[in-house]
Amino acid sequence: MTRAISLHDVSKVHAKGVRAVDRLSLDIHPGEFLVLLGPSGCGKSTVLRMIAGLEPVTEGEVYLDGTYANDLAPSERDIAMVFQNFALYPNMTGRDNIGFPLRIETPGADPAPRVDATARMLGIEELLDRYPGQLSGGERQRVAMGRAIARHPSAFLMDEPLSNLDAKLRNHLRAEISRLTRELGVTTVYVTHDQAEAMSLGDRVAVLRGGILQQVDSPRAVYALPRNVFVAAFIGTPRINLLRGVVRAPLDGAMTVSLGKQALRLPEPLSPDHRLLRVQQGREVIVGLRSEAIRIATPAEARPEETHITGLVEHVEFQGHEVLVHFNTGSSPALVPELEAPRPQPRPHRRRREGGVLGRLRERAGSLRAGPVVVLDEPTGPEQPPAPAEGRAPGDLVVRTTPDFVLRYGMQVPLLVDTAHLFAFDQQGERISPAPARLPDLDE
Ligand code: ADP
Ligand code: MG
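Computed from a predicted model, the values in this text were never measured in an experiment. (Residues numbered from 1 in each chain as written. Chains lettered and ligands numbered in written order. Predicted model: local features only at pLDDT ≥ 70, side-chain atom pairs only at ≥ 80, totals over all residues.)

Considerations on the sheet that holds strand E17 (residues 323-328)
Thinking step 1. Strand order in the open sheet formed by 5 strands is E15-E19-E16-E17-E18, with antiparallel pairing between adjacent strands. Only two strands of the sheet have a single partner each, and these edge strands are strand E15 (294-296) and strand E18 (396-401). Along the sheet, successive strands turn relative to each other by an average axial angle of 45°, direction set aside.
Thinking step 2. Relative to strand E19 (residues 412-418), strand E16 (residues 306-318) is paired through 7 bridges, and the arrangement is antiparallel. Looking across to E19, one finds that His308 is bridged to Leu416. (Pairing = 2+ DSSP bridges. Helix = DSSP H or I, 4+ residues; strand = E, 2+ residues; numbered from the N terminus. Axes fitted to C-alpha atoms, helices over the stretch in contact; angles between N-to-C directions.)

A short note on the nonpolar core
Thinking step 1. Grouped together as the largest cluster of nonpolar side chains are 99 residues, with contacts concentrated most on Ala206 and Val229.
Thinking step 2. Here this core spans two domains, since at least three of its residues come from each of domain 1 (5-224) and domain 2 (239-336 + 373-382 + 391-442).
Thinking step 3. Non-local contacts of Val229, meaning those with residues more than four positions away in its chain, are made with Leu242, Ile286, Ala334, Val336, Val373, Val374, Phe425 and Gly429. (Core = buried A, V, L, I, M, F, W, Y, C linked by C-beta atoms within 7 Å. Buried ≥ 20, exposed ≤ 12 C-beta atoms within 10 Å, placed from the backbone. Domains from an automatic or database assignment. Contact = placed C-beta atoms within 7 Å.)

Quick look at the site of ligand 1
Thinking step 1. In the region of ligand 1, the neighbouring residues are His14, Ala15, Val18, Ala20, Gly38, Ser40, Gly41, Cys42, Gly43, Lys44, Ser45 and Thr46.
Thinking step 2. Looking at the shell around ligand 1, the element that brings in the most residues is helix H1 (residues 44-52), giving 3 residues.
Thinking step 3. Grouping the amino acids of the shell around ligand 1 by side-chain chemistry returns 4 nonpolar, 7 polar and 1 charged. (Near = placed C-beta within 6 Å. Nonpolar A, V, L, I, M, F, W, Y, C, P; charged D, E, K, R; others polar.)

What to know about the packing of helix H2 (residues 94-105) against helix H3 (residues 112-122)
Thinking step 1. The interhelical angle for the contact between H2 and H3, taken along N-to-C directions, is 125°, at an axis separation of 9 Å. Considered as vectors, H2 and H3 are oriented oblique to each other. In the packing of H2 onto H3, the handedness of the crossing is right-handed. Residue-level contacts link Arg95, Ile98, Gly99 and Leu102 of H2 to Arg114, Val115 and Thr118 of H3.
Thinking step 2. Residue composition of the contact of H2 with H3, grouped by class: 3 nonpolar, 2 polar and 2 charged. (Parallel < 35°, antiparallel > 145°, perpendicular 65-115°, else oblique. Left-handed = near helix turned anticlockwise from the far one by under 90°.)

What about the environment of Met199?
Thinking step 1. Mapped onto the elements of the fold, Met199 is located in helix H6 (residues 195-201).
Thinking step 2. According to the C-beta neighbour criterion, Met199 is partly exposed, with 19 such atoms within 10 Å.
Thinking step 3. Between the C-alpha atom of Met199 and that of Gly236, which follows or precedes it by 37 residues, the distance is 9.0 Å.
Thinking step 4. Filtering out sequence-adjacent residues up to four positions away, Met199 remains in contact with Val205, Pro219 and Ile235.

Let's talk about the environment of Thr401
Thinking step 1. Along the chain, Thr401 turns up in strand E18.
Thinking step 2. Distance from Thr401 to Leu324, taken between C-alpha atoms, is 6.4 Å for residues 77 residues apart in sequence.
Thinking step 3. Those residues in contact with Thr401 that lie beyond four places of it in its chain are Ile296, Glu322, Val323 and Val325.

This is the structure we're talking about:
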């Protein structure tokens, strides 16, 4: 049995008015593996706990298989949860830890057959007689998974189950979780702050920021068509290059996006997405370029969709199979508040609903209520390059290359930018190019 989980405008307001989750609507299909992704403190665990019934919903409704479930006790929901800290009973063996929920559920029945079958499935038969203190982190998490699986729940909720494990084990267990949940065909909601984990596991990824849903889409779509700067910057490594630019659309010349000292010339004839940028004439936009949209090559080698700039080598990161080169192009990066510092910034106090035009605008932009997605200060003109943001290399543009290129600090290098893979975001950080309407081939 597997089940549909629906959230309708669900909010959670903690004591002292902390709005941990803000009007979240999400339909999770039966058998789907949905990942809730976002930085620490964005409300992921709160969402999971509300689905499990461990935390009451402040506003909105939770439906399980279409049935109103706000008032159901956790035990009535037939959902199993796996936590980050394993949460095993230290004085029970692996066998008893896995069997414990079964004994509670059906007192008197012998849990052994189910425990054994689960252990076989997870390959942990030899761990059954050990106590948690005698198990490694990875083994403990397998036993915790076993305890969730043995109940044959109709849904799994997993809250960062791998974050306490080392990287190698994490990759291994990631593959195991993926295989297991697919085999069982049980609806799974998986919480992580690790975008790589989200992308590799999820049928769909729901990106949360400050308690507000930013986008829910297939991993392919959140990468290729991020709805705003936050999603674009949160997903993908190395981080997307976000540069402040100004659209120049003269009546009698090529359209360009000025990046301060240099400009990206948009090839003629303009593509439909680039034509849409014409209305931004004179306005500041945020240009998004993933590292694979730029290559080191001379103007003579340019394909029709490519445009030429130059960059000064500032830093070379050797990664074995590839090299990441940080260039200074004389442009100024746009900052994404939560993602600049290792610790999340305290969020500004958010107001409830606001009336009037401003309120409606904020409503529509959603993300605004959690503070701005991007920070832009003084508008910049093409003649005066903007001052670099504090603590950041000026105009740093990260490009991926093969290790064959020998690049040294201070070299001036010709670059080709693939304008077909250029994103443009408005000053609120919402994507304006490619056009926000979803492309047919990326629809589910
Ligand atoms: P995540 O799991 O994404 O890290 P959480 O869901 O744990 O985030 O928390 C979301 C927000 O709610 C955070 O700002 C957190 O400090 C706040 N919060 C969580 N639990 C409580 C609580 N019991 N009382 C007040 N604030 C809380
Ligand atoms: Mg959490």
